[in-house]
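Spelled out, the chains give:
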Amino acid sequence: MAMFSQSFSPIMLLLLSILFTCASANFHRDADVTYGGNRVKILEAGRTLTLSLDQTSGSGFQSKK
């Protein structure tokens with residue numbers, strides 16, 4: 001049981017840091033659409049990005065950071 005509690009803290013810290021980083025992300029501000037402009041949709045005030053592809057082409061984005 002002691003081993004679990006010792007490894008739990010670093011894992012929890014990592015998960016919380018990822019959560020806070022993602023929570024502050026904004027795709028309008030932090031990403032560039034690289035191709036397939038009409039197949040990339042940024043929704044929910046920049047919190048969600050969707051990519052679509054079909055049999056002939058795709059879509060992509062790149063982080064500005």
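Further up the page is the structure itself.
Bear in mind the structure is a predicted one, so any value in this text is a computation, not a measurement.

A. Spatial organisation of the pattern of salt bridges. Inspection of every chain in the model, using the stated rule, returns two salt bridges. Between Asp30 and Arg29 there is a salt bridge, and its shortest N-O distance comes to 3.0 Å. When its relative accessible area of 48% is taken as the criterion, Arg29 is described as partly exposed. In this structure, the salt-bridge partner of Lys64 is Asp32, at a minimum N-O distance of 3.7 Å. Of this pair, Lys64 sits in the segment after strand S4 (60-63) while Asp32 sits in strand S1 (residues 31-35), and the two are 32 residues apart along the sequence. On the accessibility criterion, Lys64 (46% relative accessible area) is partly exposed. Residue Asp32 is classed as partly exposed on the basis of its relative accessible area, which comes to 36%.

Calculation notes
Position numbers for residues count from 1 along each chain, tracking the sequence in the order it is written. Whole-chain, interface and lining totals are the exception, using all residues; otherwise, since this is a predicted model, local features are given only for residues with pLDDT of at least 70 and side-chain atom pairs are given and counted only at 80 or more. Side-chain figures throughout are based on the complete set of non-hydrogen atoms in the structure, without hydrogens or water. When a carboxyl oxygen of Asp or Glu lies within 4 Å of a side-chain nitrogen of Lys or Arg, that pair is called a salt bridge. For every residue, the accessible area obtained with a 1.4 Å probe (protein chains only) is divided by the maximum for its type, and the residue is called buried under 20%, exposed over 50%, and partly exposed between those limits. Note on conventions: DSSP H or I runs of at least 4 residues are helices, E runs of at least 2 residues are strands, and numbering of each starts at the N terminus.

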